[in-house]
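As a plain string of letters, each chain reads:
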Amino acid sequence: MAEFFGALLGLGTAASKVSPAQIENDGAHVIGTYHDDLGRIAALVTADLPFAASAGASLAMIPASAARDDVKDGSIDENLLENFREVCNVAASLLNTPHTPHLTLQDVWATDHPDLPVEVWDVLAGASKRREFAVTIEGYDDGRLGIVIR
Amino acid sequence: MNILVVDDSKTIRMLVKRNLKQAGFADANILEAEDGAAGLAIARTEALDLILSDWNMPEMSGLEFLQNLRSEGFGTTFGFITSESTPSYKDQAMAAGAAFLLSKPFNAESFSDALGVATA
(Lines give C-alpha, C1' and ligand atoms only; values in the text may rest on other atoms or scores of the structure.)
Protein backbone atom coordinates (compact mmCIF):
# COMPACT_ATOMS: atom_id res chain seq x y z
CA MET A 1 0.00 0.00 0.00
CA ALA A 2 2.80 2.42 0.92
CA GLU A 3 4.62 1.52 -2.28
CA PHE A 4 1.47 2.15 -4.31
CA PHE A 5 0.97 5.64 -2.89
CA GLY A 6 4.67 6.42 -3.02
CA ALA A 7 4.71 5.73 -6.74
CA LEU A 8 1.46 7.58 -7.38
CA LEU A 9 2.20 10.68 -5.34
CA GLY A 10 5.97 10.79 -5.72
CA LEU A 11 6.34 11.33 -1.97
CA GLY A 12 7.45 9.28 1.00
CA THR A 13 4.53 7.28 2.37
CA ALA A 14 3.93 4.76 5.11
CA ALA A 15 0.93 2.54 5.76
CA SER A 16 -0.12 0.28 8.58
CA LYS A 17 -3.14 -1.95 8.92
CA VAL A 18 -5.83 -0.75 11.35
CA SER A 19 -9.34 -1.81 12.33
CA PRO A 20 -11.99 -0.50 9.94
CA ALA A 21 -13.83 2.59 11.14
CA GLN A 22 -17.58 2.99 11.22
CA ILE A 23 -18.77 4.94 8.18
CA GLU A 24 -21.87 7.10 8.47
CA ASN A 25 -23.78 9.35 6.06
CA ASP A 26 -22.24 12.45 7.64
CA GLY A 27 -19.71 13.51 5.02
CA ALA A 28 -16.74 12.46 7.13
CA HIS A 29 -15.71 9.93 4.47
CA VAL A 30 -15.34 9.84 0.71
CA ILE A 31 -16.17 6.64 -1.14
CA GLY A 32 -15.14 5.41 -4.56
CA THR A 33 -17.59 2.93 -6.07
CA TYR A 34 -16.34 0.25 -8.49
CA HIS A 35 -18.61 -1.59 -10.89
CA ASP A 36 -18.15 -5.03 -12.34
CA ASP A 37 -19.02 -5.74 -15.97
CA LEU A 38 -22.67 -6.28 -14.96
CA GLY A 39 -22.91 -2.75 -13.58
CA ARG A 40 -23.11 -3.89 -9.97
CA ILE A 41 -21.10 -2.22 -7.19
CA ALA A 42 -18.50 -4.87 -6.47
CA ALA A 43 -15.99 -2.93 -4.39
CA LEU A 44 -15.44 0.34 -2.59
CA VAL A 45 -12.46 2.44 -1.68
CA THR A 46 -13.17 4.43 1.47
CA ALA A 47 -11.18 7.38 2.74
CA ASP A 48 -11.65 9.59 5.72
CA LEU A 49 -11.71 13.29 4.94
CA PRO A 50 -8.06 13.90 5.98
CA PHE A 51 -6.79 11.17 3.66
CA ALA A 52 -9.01 12.11 0.71
CA ALA A 53 -7.96 15.76 1.03
CA SER A 54 -4.27 14.98 1.58
CA ALA A 55 -4.08 12.50 -1.30
CA GLY A 56 -6.01 14.85 -3.58
CA ALA A 57 -3.74 17.74 -2.71
CA SER A 58 -0.46 15.86 -2.86
CA LEU A 59 -1.28 14.33 -6.26
CA ALA A 60 -1.27 17.80 -7.79
CA MET A 61 1.34 19.31 -5.45
CA ILE A 62 -1.27 21.55 -3.84
CA PRO A 63 -0.08 22.79 -0.42
CA ALA A 64 -1.08 20.76 2.63
CA SER A 65 -2.80 23.86 4.02
CA ALA A 66 -5.52 23.52 1.36
CA ALA A 67 -6.22 19.98 2.51
CA ARG A 68 -6.27 21.10 6.15
CA ASP A 69 -8.74 23.86 5.31
CA ASP A 70 -11.11 21.30 3.79
CA VAL A 71 -10.84 19.09 6.86
CA LYS A 72 -11.57 22.07 9.09
CA ASP A 73 -14.58 22.95 6.92
CA GLY A 74 -15.80 19.35 7.09
CA SER A 75 -16.06 18.80 3.33
CA ILE A 76 -13.71 18.26 0.42
CA ASP A 77 -13.76 20.91 -2.29
CA GLU A 78 -14.41 20.13 -5.94
CA ASN A 79 -10.76 20.43 -6.98
CA LEU A 80 -9.40 18.05 -4.36
CA LEU A 81 -12.33 15.68 -4.90
CA GLU A 82 -11.51 15.56 -8.62
CA ASN A 83 -7.90 14.72 -7.77
CA PHE A 84 -9.00 12.09 -5.28
CA ARG A 85 -11.19 10.64 -8.03
CA GLU A 86 -7.99 10.05 -10.01
CA VAL A 87 -6.40 8.39 -6.97
CA CYS A 88 -9.41 6.06 -6.88
CA ASN A 89 -9.18 5.50 -10.62
CA VAL A 90 -5.57 4.36 -10.31
CA ALA A 91 -6.48 2.30 -7.24
CA ALA A 92 -8.52 0.06 -9.55
CA SER A 93 -5.20 -1.60 -10.27
CA LEU A 94 -5.20 -2.81 -6.64
CA LEU A 95 -8.55 -4.51 -7.21
CA ASN A 96 -8.04 -6.07 -10.61
CA THR A 97 -6.20 -9.34 -11.02
CA PRO A 98 -6.22 -11.86 -13.87
CA HIS A 99 -8.45 -14.13 -11.74
CA THR A 100 -11.13 -11.71 -10.52
CA PRO A 101 -13.98 -9.86 -12.28
CA HIS A 102 -12.84 -6.69 -14.01
CA LEU A 103 -13.74 -3.59 -11.99
CA THR A 104 -13.77 0.03 -13.06
CA LEU A 105 -14.27 3.17 -11.00
CA GLN A 106 -17.83 4.39 -11.40
CA ASP A 107 -17.84 7.50 -9.23
CA VAL A 108 -16.58 9.14 -6.07
CA TRP A 109 -18.92 10.41 -3.39
CA ALA A 110 -18.86 12.19 -0.06
CA THR A 111 -20.96 10.08 2.29
CA ASP A 112 -23.47 12.90 2.80
CA HIS A 113 -24.09 13.29 -0.94
CA PRO A 114 -27.83 12.92 -1.65
CA ASP A 115 -27.16 10.78 -4.73
CA LEU A 116 -24.82 8.32 -3.03
CA PRO A 117 -26.14 4.91 -4.14
CA VAL A 118 -28.01 3.13 -1.35
CA GLU A 119 -26.23 -0.03 -2.50
CA VAL A 120 -23.05 1.36 -0.92
CA TRP A 121 -24.47 0.74 2.56
CA ASP A 122 -25.38 -2.84 1.59
CA VAL A 123 -21.82 -3.45 0.41
CA LEU A 124 -20.38 -1.99 3.62
CA ALA A 125 -22.73 -4.05 5.79
CA GLY A 126 -22.17 -7.32 3.96
CA ALA A 127 -18.56 -7.04 2.83
CA SER A 128 -16.79 -10.32 2.16
CA LYS A 129 -13.46 -8.62 2.78
CA ARG A 130 -12.56 -5.30 4.33
CA ARG A 131 -9.12 -3.84 5.02
CA GLU A 132 -8.19 -0.43 6.34
CA PHE A 133 -4.86 1.33 6.54
CA ALA A 134 -3.54 4.35 8.38
CA VAL A 135 -1.57 6.16 5.70
CA THR A 136 1.06 8.85 6.13
CA ILE A 137 2.02 11.04 3.19
CA GLU A 138 5.20 13.05 3.61
CA GLY A 139 4.34 16.71 4.20
CA TYR A 140 0.60 16.09 4.55
CA ASP A 141 -1.73 15.09 7.36
CA ASP A 142 -2.33 11.40 8.07
CA GLY A 143 -5.55 9.67 7.20
CA ARG A 144 -7.22 6.34 6.66
CA LEU A 145 -7.92 4.42 3.50
CA GLY A 146 -10.03 1.31 3.23
CA ILE A 147 -10.76 -1.34 0.64
CA VAL A 148 -14.10 -3.11 0.74
CA ILE A 149 -14.94 -6.12 -1.40
CA ARG A 150 -18.58 -7.11 -1.77
CA MET B 1 10.20 16.12 -30.79
CA ASN B 2 6.38 16.28 -30.62
CA ILE B 3 4.71 14.24 -27.89
CA LEU B 4 0.96 13.94 -27.42
CA VAL B 5 -0.36 13.15 -23.92
CA VAL B 6 -3.96 11.91 -23.87
CA ASP B 7 -5.84 11.52 -20.59
CA ASP B 8 -9.21 12.74 -19.38
CA SER B 9 -7.62 13.82 -16.09
CA LYS B 10 -5.87 17.16 -16.23
CA THR B 11 -3.92 16.18 -13.13
CA ILE B 12 -2.60 12.99 -14.71
CA ARG B 13 -1.63 14.89 -17.85
CA MET B 14 0.34 17.22 -15.60
CA LEU B 15 2.05 14.26 -13.87
CA VAL B 16 2.95 12.66 -17.19
CA LYS B 17 4.40 15.95 -18.44
CA ARG B 18 6.44 16.29 -15.26
CA ASN B 19 7.79 12.74 -15.64
CA LEU B 20 8.57 13.37 -19.31
CA LYS B 21 10.75 16.29 -18.28
CA GLN B 22 12.48 14.17 -15.62
CA ALA B 23 13.01 11.39 -18.17
CA GLY B 24 15.02 13.66 -20.46
CA PHE B 25 12.28 15.07 -22.66
CA ALA B 26 12.42 18.59 -21.25
CA ASP B 27 12.87 20.10 -24.70
CA ALA B 28 10.02 18.20 -26.28
CA ASN B 29 6.92 19.99 -27.53
CA ILE B 30 4.14 18.41 -25.49
CA LEU B 31 0.58 18.53 -26.74
CA GLU B 32 -2.46 17.45 -24.74
CA ALA B 33 -5.86 15.93 -25.42
CA GLU B 34 -8.60 14.81 -23.05
CA ASP B 35 -9.82 11.75 -24.93
CA GLY B 36 -9.12 9.58 -27.94
CA ALA B 37 -11.32 11.58 -30.30
CA ALA B 38 -9.48 14.80 -29.50
CA GLY B 39 -6.17 12.94 -29.74
CA LEU B 40 -7.04 11.58 -33.17
CA ALA B 41 -7.89 15.07 -34.39
CA ILE B 42 -4.47 16.30 -33.27
CA ALA B 43 -2.69 13.30 -34.80
CA ARG B 44 -4.26 14.13 -38.17
CA THR B 45 -2.80 17.63 -38.17
CA GLU B 46 0.49 17.42 -36.23
CA ALA B 47 3.65 15.42 -36.97
CA LEU B 48 3.84 13.40 -33.75
CA ASP B 49 6.83 11.35 -32.63
CA LEU B 50 5.26 9.74 -29.58
CA ILE B 51 1.76 9.32 -28.16
CA LEU B 52 1.14 8.48 -24.50
CA SER B 53 -2.48 7.62 -23.81
CA ASP B 54 -4.78 6.52 -21.03
CA TRP B 55 -7.05 3.54 -21.75
CA ASN B 56 -10.42 4.41 -20.19
CA MET B 57 -11.66 7.73 -21.50
CA PRO B 58 -15.01 9.19 -22.62
CA GLU B 59 -15.85 9.62 -26.31
CA MET B 60 -13.11 7.30 -27.57
CA SER B 61 -11.04 4.89 -25.47
CA GLY B 62 -7.30 4.66 -25.79
CA LEU B 63 -7.58 1.32 -27.56
CA GLU B 64 -10.06 2.71 -30.09
CA PHE B 65 -7.78 5.70 -30.55
CA LEU B 66 -4.83 3.44 -31.35
CA GLN B 67 -6.90 1.24 -33.67
CA ASN B 68 -8.15 4.32 -35.54
CA LEU B 69 -4.62 5.69 -35.83
CA ARG B 70 -3.31 2.47 -37.31
CA SER B 71 -6.27 2.07 -39.68
CA GLU B 72 -5.58 5.58 -40.98
CA GLY B 73 -1.96 4.64 -41.60
CA PHE B 74 -0.29 6.46 -38.71
CA GLY B 75 2.65 4.50 -37.37
CA THR B 76 3.48 6.87 -34.50
CA THR B 77 5.06 5.16 -31.48
CA PHE B 78 2.21 4.67 -29.02
CA GLY B 79 2.30 3.79 -25.32
CA PHE B 80 -0.50 3.27 -22.85
CA ILE B 81 -0.30 4.73 -19.35
CA THR B 82 -3.23 3.19 -17.54
CA SER B 83 -4.52 1.58 -14.38
CA GLU B 84 -5.55 -1.40 -16.54
CA SER B 85 -2.61 -3.71 -16.08
CA THR B 86 -3.86 -7.27 -16.36
CA PRO B 87 -2.30 -9.54 -19.03
CA SER B 88 -5.41 -9.43 -21.22
CA TYR B 89 -5.14 -5.64 -21.50
CA LYS B 90 -1.43 -5.86 -22.29
CA ASP B 91 -2.19 -8.46 -24.97
CA GLN B 92 -4.87 -6.24 -26.51
CA ALA B 93 -2.53 -3.25 -26.44
CA MET B 94 0.33 -5.06 -28.12
CA ALA B 95 -1.98 -6.68 -30.70
CA ALA B 96 -3.26 -3.22 -31.65
CA GLY B 97 0.27 -1.94 -32.15
CA ALA B 98 1.26 -0.33 -28.85
CA ALA B 99 4.95 -0.18 -27.98
CA PHE B 100 4.30 -0.60 -24.26
CA LEU B 101 1.71 -0.50 -21.51
CA LEU B 102 2.88 1.28 -18.39
CA SER B 103 0.73 0.69 -15.32
CA LYS B 104 -0.35 3.52 -13.05
CA PRO B 105 0.99 4.32 -10.59
CA PHE B 106 4.33 4.78 -12.29
CA ASN B 107 7.51 6.26 -10.94
CA ALA B 108 10.27 8.15 -12.72
CA GLU B 109 12.32 4.97 -13.17
CA SER B 110 9.58 2.82 -14.72
CA PHE B 111 8.54 5.78 -16.87
CA SER B 112 12.10 6.28 -18.13
CA ASP B 113 12.51 2.56 -18.81
CA ALA B 114 9.32 2.35 -20.88
CA LEU B 115 10.12 5.48 -22.85
CA GLY B 116 13.71 4.44 -23.36
CA VAL B 117 12.65 1.20 -25.01
CA ALA B 118 9.96 2.88 -27.06
CA THR B 119 12.13 5.67 -28.41
CA ALA B 120 15.43 3.77 -28.81
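Structure: above.
Residues numbered from 1 in each chain as written. Chains lettered and ligands numbered in written order. Predicted model: local features only at pLDDT ≥ 70, side-chain atom pairs only at ≥ 80, totals over all residues. Heavy atoms only, no water.

**Re the overall build of chain A**
Helix and strand content of chain A: five helices and six strands. Mapped from its N terminus to its C terminus, chain A presents α and β elements in the order α-β-β-β-α-α-α-β-α-β-β. The C-alpha atoms of chain A give 14 Å as radius of gyration, which agrees with the globular expectation for 150 residues (15 Å, within 12%). Counting only C-alpha atoms and orienting by the principal axes, one finds that chain A spans roughly 40 × 35 × 25 Å. Buried positions account for 50% of the 150 residues belonging to chain A. Pairs at least 24 residues apart make up 66% of the contacts formed inside chain A by residues separated by at least 6 positions. With the model as given, the accessible surface of chain A reaches about 6,700 Å², and the carbon-plus-sulfur share is 50%. (Helix = DSSP H or I, 4+ residues; strand = E, 2+ residues; numbered from the N terminus. Rg over C-alpha atoms; globule rule 2.2 N^0.38 Å. Buried < 20%, exposed > 50% of the residue type's maximum accessible area, 1.4 Å probe, protein only. Contact = heavy atoms within 4.5 Å. Areas by Shrake-Rupley, 256 points an atom, 1.4 Å probe, with all protein chains shown as cover.)

**Points about the packing of aromatic side chains**
In total, this model carries eight aromatic pairs over all chains according to the counting rule given. On the basis of an interplanar angle of 90° and a centroid distance of 5.0 Å, the ring pair of Phe4(A) and Phe5(A) is categorised as edge-to-face. Comparing Phe4(A) with Phe5(A) shows no difference in burial state: the two are buried. With a centroid separation of 6.4 Å and 85° between ring planes, the pair formed by Phe51(A) and Phe84(A) is classed as edge-to-face. In this pair, Phe51(A) sits in helix α2 (residues 49-59) while Phe84(A) sits in helix α4 (residues 78-95), placing the two residues 33 residues apart along the sequence. On the accessibility criterion, Phe84(A) (0% relative accessible area) is buried. Three or more aromatic residues link up through ring pairs in this structure, and these residues are Trp55(B), Phe65(B), Phe78(B), Phe80(B) and Tyr89(B). (Phe/Tyr/Trp six-rings, centres within 6.5 Å; stacked < 30°, edge-to-face > 60°.)

**Considerations on the sheet that holds strand β6 (residues 143-149) of chain A**
Pairing between the strands of a sheet comes from backbone hydrogen bonds, and it takes one of two forms, parallel or antiparallel. Residues and elements named next belong to chain A. The strand order across the open sheet built from six strands is β1-β5-β6-β3-β2-β4, with neighbouring strands paired in antiparallel fashion. Edge strands, defined here as strands with exactly one partner in the open sheet, are β1 (13-18) and β4 (104-110). Averaged over all neighbouring strand pairs, the angle between strand axes comes to 20°, with direction disregarded. The strands touched by α2 are β2 (29-35), β3 (41-48), β5 (129-137) and β6; relative to β3, the strand with the most contacts, the crossing angle is about 90°. (Pairing = 2+ DSSP bridges. Axes fitted to C-alpha atoms, helices over the stretch in contact; angles between N-to-C directions.)

**Quick notes on unusual backbone geometry**
Note that the residue after Lys104(B), namely Pro105(B), is joined by a cis bond; omega there is -5°. Structurally, Pro105(B) is set in the loop between β5 (100-103) and α5 (108-119). The residue Met61(A) is not glycine, and still its phi comes out positive at about 60°. Its location among the elements puts Met61(A) in the loop between α2 and α3 (64-73). The backbone phi angle of Glu59(B) is positive, close to 70°, even though this residue is not glycine. Taking the relative accessible area as the measure of exposure, Glu59(B) reaches 71% and is therefore exposed.

**What to know about the pairing of strand β3 (residues 50-53) of chain B**
In summary, the side chains of a regular strand alternate between the two faces of the sheet. All names here are of chain B. Every second residue of β3 is oriented toward a common face, with Leu50 and Leu52 on one face and Ile51 and Ser53 on the other, all of them buried. Alignment of strand β1 (residues 2-6) against β3, held across four bridges, turns out to be parallel. The residue of β3 that forms the bridge with Val5 is Leu52. Sheet analysis places β3 next to strand β4 (residues 77-82), joined by four bridges and oriented parallel. Note on β4: the bridge partner recorded for Leu50 is Thr77. After leaving β3, the chain enters helix α3 (residues 62-71) and then returns to the sheet as β4, a path that is right-handed. (Right-handed = clockwise from strand over helix to strand, strands pointing away.)

**Here's the deal with the environment of Ile81(B)**
All names here are of chain B. Looking at the secondary structure, you find Ile81 in strand β4. Exposure remark for Ile81: the relative accessible area of 3% places this residue in the buried category. Taking C-alpha positions, Ile81 is 6.0 Å from Leu101, a pair spaced 20 residues apart along the chain.

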